[in-house]
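Take a look at the letters that make up each chain.
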Amino acid sequence: MPRLPIVAIDGPAGAGKSTIAKHLAARLNFILLDTGALYRTIALAAARAGLLEGIDPNSDHEDSSATITALAEAIAERNGISLEQDPEQPKGLRVRLDGEDVSGAIRAPEMSMGASRVSAIAGVRESLMNLQRSIAKNGGVVAEGRDMGTVVFPDSVAKFFLTASLEARAERRRLEFVERGEDIDLEEIKKNVAQRDKQDSERAIAPLKRANDAALIDSTGRSIDHILEEMEERVRAVMGHDESPS
Ligand code: DC
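Residues numbered from 1 in each chain as written. Predicted model: local features only at pLDDT ≥ 70, side-chain atom pairs only at ≥ 80, totals over all residues. Heavy atoms only, no water.

Details of the environment of Glu88
By the secondary structure assignment, Glu88 is in the loop between strand 3 (81-85) and strand 4 (93-97). In this structure Glu88 comes out as exposed when scored by relative accessible area, which is 72%. Through-space distance from the C-alpha of Glu88 to that of Ala136 is 22 Å; in sequence the pair is 48 residues apart. (Helix = DSSP H or I, 4+ residues; strand = E, 2+ residues; numbered from the N terminus. Buried < 20%, exposed > 50% of the residue type's maximum accessible area, 1.4 Å probe, protein only.)

Quick look at the site of the ligand
Around the ligand sit 15 residues in total, of which Arg40, Arg125, Arg196, Asp200 and Arg203 are the nearest. Thr35 has a polar side-chain atom sitting 3.0 Å from a nitrogen atom of the ligand. Here Ser119 contributes a side-chain N or O atom positioned 3.2 Å from an oxygen atom of the ligand. Here the ligand, which alone exposes 450 Å², has 97% of that area covered by the protein. Every element with two or more residues in the shell around the ligand is listed here: helix 2 (35-48), helix 4 (109-118) and helix 8 (186-202). Of all the elements, helix 2 adds the most residues to the shell around the ligand, at four residues. Residue composition of the shell around the ligand, grouped by class: three nonpolar, five polar and seven charged. (Near = heavy atom within 4 Å. Polar contact = N/O pair within 3.5 Å; in protein donor to acceptor, adjacent residues only side chain to side chain. Areas by Shrake-Rupley, 256 points an atom, 1.4 Å probe, with all protein chains shown as cover. Nonpolar A, V, L, I, M, F, W, Y, C, P; charged D, E, K, R; others polar.)

Quick notes on unusual backbone geometry
Even without being a glycine, Asn29 presents a positive backbone phi close to 60°. Examined against the element boundaries, Asn29 turns out to sit in the loop between helix 1 (17-28) and strand 2 (31-34). What makes Asn29 exposed here is its relative accessible area of 71%. Backbone geometry at Asp98 places phi at a positive 50°, although glycine is not the residue there. Residue position: Asp98 is located in the loop between strand 4 and strand 5 (100-101).

Comments concerning the pattern of salt bridges
All chains considered together, the criterion is met by 23 salt bridges. With a closest N to O distance of 3.0 Å, Asp34 and Arg107 form a salt bridge. Separated by 73 residues along the polypeptide, Asp34 in strand 2 and Arg107 in the loop between strand 5 and helix 4 bring together distant segments of the chain. Each of the two residues, Asp34 as well as Arg107, counts as buried. What emerges from the salt-bridge pattern is a single network uniting Arg27, Glu229, Glu232 and Arg236. (Salt bridge = Lys/Arg side-chain N within 4 Å of Asp/Glu carboxyl O.)

Okay, structure coming up:
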């Protein structure tokens with residue numbers, strides 16, 4: 001049987017990646033790999049260890065970077081993060097840190113910014129690389145994040161770069177908060193999303209960037225279903241190509 005592809009989806013915050021990845025994985029019967037959840041879990045562990053305060057992404061903060069790297073390495077070494085497929089979860093995954101269910105805790109707004117910060121640390125990215133590749137080792141995975149098509153799975157034959165206007169992305173995030181019973185000001189969210197994009201795109205290592213061979217999809221004003229149709233069709237076309245003639 002030919003190896004199933006790894007679908008690589010990258011894009012800025014709020015472009016709809018996680019919703020689309022979740023549904024696409026269900027349609028294709030693929031494993032869902034939300035790599036943002038991994039960085040969020042490291043951010044949560046770092047915050048709990050008191051390591052996140054005062055980390056300015058623009059300043060030289062080698063000390064805390066080294067400590068956060070050591071923390072991430074230790075977590076990776078003991079296989080401390082587990083992602084269980086769970087369609088009942090809003091993001092399609094139950095995330096555990098050393099056995100504790102942190103699926104809700106990692107979605108707090110502070111963890112969005114925290115994840116963006118820890119993800120700029122080279123050692124943190126390295127420590128999560130093996131985990132991401134081992135989850136995808138047999139193919140049949142929908143992987144979403146910022147560097148799926150460029151760094152983690154450069155050989156993927158099904159790459160997408162999903163984007164949308166800042167307005168649309170901030171509004172999508174706001175609705176997610178409303179669903180969780182939180183009412184956060186749209187302007188506040190917009191500022192937050194813009195700052196995170198800037199941090200994620202301007203960092204030195206594995207910045208948010210469209211791979212040359214990634215299909216660009218702008219989700220502004222488009223329904224999730226339409227986008228899913230388009231993406232599923234592209235992936236199935238690739239799978240058809242991969243099959244050896246019988
Ligand atoms: O997709 P998300 O909002 O859950 O991601 C949280 C942060 O993690 C994001 O701001 C940048 C970082 N991240 C990353 O650097 N690389 C990835 N592959 C996924 C997420």
